[in-house]
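Fold and geometry: a report
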Amino acid sequence: MSTLAMRITNILGFIGLCVSTLVQANPLANSELKDALVIEKLATSYQSNCSHCHSGNAPSAPQIKDSKDWAKRLSAGFNHLYDSAINGIPNTAMLAKGGHAELSNEEIKNLVHYLLLMAKIDSKVIQAALRYDELKIKDVEFISLDQARLGYLQKKHVAKVEPYFVQFDQFNISQNGRMSETEFLKMRTDLQRFQRATKSADDELQNNILNRLSQVKGMPPAGIRVAVQSGNVTIHGVVGDSEILKRAFSAIRWIPGIQQLDNRLMTAEMMAFD
């Protein structure tokens with residue numbers, strides 16, 4: 001065999017090994033999930049614990065066979081999806097373990113697998129999710145900003161978060177325009193330190209927050225309650241939808257003087273579903 005042929009053979013073998021590794025790492029390829037009895041058991045568990053939202057009309061809940069929606073959620077990796085299911089998603093109808101604390105983490109993961117199987121996720125989406133998992137990125141905010149699933153942030157990715165945009169170059173230590181998760185966490189920690197070092201009277205802080213919220217597009221003119229004690233802020237109320245909720249949080253998140261922010265805003269659609 002010629003040297004060139006040997007090289008080609010080695011390369012093809014390496015590619016085959018990589019693909020094989022991905023398949024083996026794919027939790028949906030687990031032999032147990034090919035067992036009809038296992039699937040039947042998972043279907044029963046799904047009906048008891050998940051169908052109220054994922055086969056119903058829960059706001060923003062991906063429906064069981066919606067391949068596009070589940071593919072979008074899986075794009076951040078299996079581990080991120082597990083975390084959302086186990087620990088819940090703040091300010092949404094997705095409670096920790098869907099409100100079923102009696103279920104183990106493994107049972108929740110298996111239910112995630114069942115939902116993904118029912119959605120018939122494309123193999124390319126699964127492989128992309130596995131690759132993102134390999135980056136071992138854990139921070140939820142970093143992942144939400146990394147919409148392109150690059151494993152790093154560019155300045156344009158944080159353009160809507162002014163403090164991040166302003167500080168990006170300073171904390172991008174390598175100055176390559178690619179901010180790692182570690183660099184991002186350092187930047188956020190530094191901004192939080194500055195925010196908490198600023199002291200403000202509680203009534204002044206409360207008025208500042210209410211003023212900012214009043215400028216958010218779509219915010220209701222009344223019904224939002226803001227409590228402040230020693231700089232610790234708790235917000236209650238109902239807003240129209242999840243986009244308004246996001247805008248409200250963004251508007252007040254980095255107000256100087258806030259020590260802790262407990263955002264308990266809910267959307268009208270969540271209230272209607274309940």
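Here, residues in each chain are numbered from 1, in the same order as that chain's written sequence. Local features in a predicted model are, by the rule used here, given only for residues with pLDDT of at least 70; side-chain atom pairs are given and counted only at 80 or more, and totals for whole chains, interfaces and linings are based on all residues. Heavy atoms from the whole structure form the basis of all side-chain values; hydrogens and water molecules are not counted.

1. Description of helix H7 (residues 123-134)
Short version of the rule: The way it works is that DSSP assigns letters per residue, a run of H or I at least four long becomes a helix, a run of E at least two long becomes a strand, and they are numbered from the N terminus. Expected span of a helix, by definition, is 1.5 Å for each gap between consecutive residues, and there is one gap fewer than residues. When a residue's accessible area, from a 1.4 Å probe over protein chains only, is under 20% of the maximum for its type it is buried; when over 50% it is exposed; and in between it is partly exposed. Throughout, the arc means that of the directions going from the helix axis to the C-beta atoms.
With twelve residues, H7 ought to run about 16 Å at 1.5 Å a step, and its terminal C-alpha atoms sit 17 Å apart, in line with that. Within H7 the residues assigned to the buried category are Ile126, Ala129, Leu130, Tyr132 and Asp133. Seen along its axis, H7 keeps its buried residues to an arc of 160°; they face one direction. Residues of H7 that are exposed and point over 90 degrees away from its buried face: Lys124 and Glu134.

2. Topic: the pairing of strand E3 (residues 260-267)
Defined as follows: DSSP bridges decide pairing: two strands pair if at least two such bridges lie between them. With the strands aimed away from the viewer, a crossover counts as right-handed if its path from the first strand over the helix to the second runs clockwise.
As paired strands, strand E2 (residues 232-239) and E3 are joined by eight bridges and run parallel to one another. The residue bridging Ile235 from the neighbouring strand is Asn263, located in E3. Remark: the E2/helix H12 (residues 242-252)/E3 crossover connection has right-handed handedness.

3. Quick look at the pattern of salt bridges
We apply this condition: By salt bridge we mean one thing: a side-chain nitrogen of Lys or Arg within 4 Å of a carboxyl oxygen of Asp or Glu.
Summed over the entire model, instances satisfying the criterion amount to nine salt bridges. Note that Asp190 is salt-bridged to Arg193, the shortest N-O span being 3.2 Å. Here the residue Asp190 and the residue Arg193 both occupy positions in helix H10 (residues 181-197), the gap between them amounting to three residues, near one helical turn. Through salt bridges with shared partners, a single ionic network connects Asp139, Glu141, Arg188 and Arg253.

4. Remarks on the packing of helix H2 (residues 36-49) against helix H6 (residues 105-119)
Stated formally: As a rule, the C-alpha atoms of each element are fitted with a line to give its axis, helices using only the stretch in contact, and angles between N-to-C directions run from 0 to 180 degrees. Under this scheme an angle from 65 to 115 degrees is roughly perpendicular, one under 35 degrees roughly parallel, and one over 145 degrees roughly antiparallel; angles in between are oblique. The contact criterion used throughout is that any non-hydrogen atoms of two residues lie within 4.5 Å. All amino acids are sorted into three groups, where Ala, Val, Leu, Ile, Met, Phe, Trp, Tyr, Cys and Pro are nonpolar, Asp, Glu, Lys and Arg are charged, and the leftover types, Gly among them, are polar.
It is at 10 Å that the axes of H2 and H6 come closest, and there the two elements cross at 100°. On the basis of the axis angle, H2 is roughly perpendicular to H6. From H2, Ile39, Leu42, Ala43, Ser45 and Tyr46 reach across to H6, where they touch Asn110, Leu111, Tyr114, Leu115 and Leu117. Counted by class, the contact of H2 with H6 contains eight nonpolar, two polar and no charged residues.

5. A look at the sheet that holds strand E1 (residues 225-229)
Read from one edge of the open sheet, three strands run E1-E2-E3, paired in mixed fashion. Strands at the two margins of the open sheet, each flanked by one partner only, are E1 and E3. Going from strand to strand, the sheet's axes swing by 5° on average, the running direction of each strand aside. Bridge count for E1 against E2 is five bridges, and the pairing is antiparallel. Directly across from Arg225, in E2, lies its bridge partner His236. Packed onto the sheet, helix H11 (residues 202-214) meets E1 and E2 and runs at close to 150° relative to E1. Where H12 meets the sheet, its contacts fall on E2 and E3, and the angle it forms with E3 comes to roughly 160°.

6. Some thoughts on the pairing of E2
Residues Val233, Ile235, Gly237 and Val239 line the buried face of E2, whereas the alternating positions Asn232, Thr234, His236 and Val238 sit on a face that is not buried. Between the antiparallel neighbours E1 and E2 lie two residues, among them Ser230 with a positive phi of about 55°.

7. Describing the nonpolar core
Counted only if it meets this: Buried Ala, Val, Leu, Ile, Met, Phe, Trp, Tyr and Cys residues form a nonpolar core when they are joined through side-chain atoms within 4.5 Å.
Residues Tyr46, Trp70, Leu74, Phe78, Leu116, Ile121 and Ile126 are the most contacted members of the largest nonpolar core, which totals 26 residues. Every element with two or more residues in this core is listed here: H2, helix H4 (67-74), helix H5 (78-87), H6 and H7. The element contributing the most residues to this core is H6, with seven residues. Apart from residues lying up to four places away in sequence, Leu74 is in contact with Leu81, Leu116, Ile121, Val125, Ile126 and Ala129. Membership of the second largest hydrophobic core comes to 19 residues, among which are Leu213, Met219, Leu245 and Ile252.

8. Focus on the packing of aromatic side chains
Counted only if it meets this: Note on aromatic pairs: the rings of Phe, Tyr and Trp (six-membered ring only in Trp) are paired at centre separations within 6.5 Å, and the planes decide the class, stacked below 30 degrees, edge-to-face beyond 60, tilted for the rest. Two limits define a charge over a ring: the Lys NZ or Arg CZ must be within 6 Å of the ring centre, and within 35 degrees of the ring normal.
Summed over the entire model, instances satisfying the criterion amount to five aromatic pairs. The interplanar angle of 45° and the centroid separation of 5.7 Å between the aromatic rings of Tyr46 and Tyr114 together place this pair among those described as tilted. Here Tyr46, found in helix H2, pairs with Tyr114, found in helix H6; they are 68 residues apart in sequence, far enough to count as distant. Residue classification places Tyr46 among the buried positions, given a relative accessible area of 1%. Geometrically, the ring pair formed by Tyr164 and Phe184 is edge-to-face, given 5.2 Å between the ring centres and 75° between the ring planes. Here Tyr164 is found in helix H9 (residues 162-171), whereas its partner Phe184 is found in helix H10, with 20 residues between them in sequence. Across the pair, exposure class does not vary: Tyr164 and Phe184 are buried alike. Aromatic ring contacts, followed pair by pair, group Phe142, Tyr164, Phe184 and Trp254 into a single cluster. Just above the ring of Tyr132 sits the side chain of Arg149; from NZ or CZ to the centre is 5.7 Å. Above the ring of Phe165, the side-chain terminus of Lys155 is found at 4.8 Å from the ring centroid.

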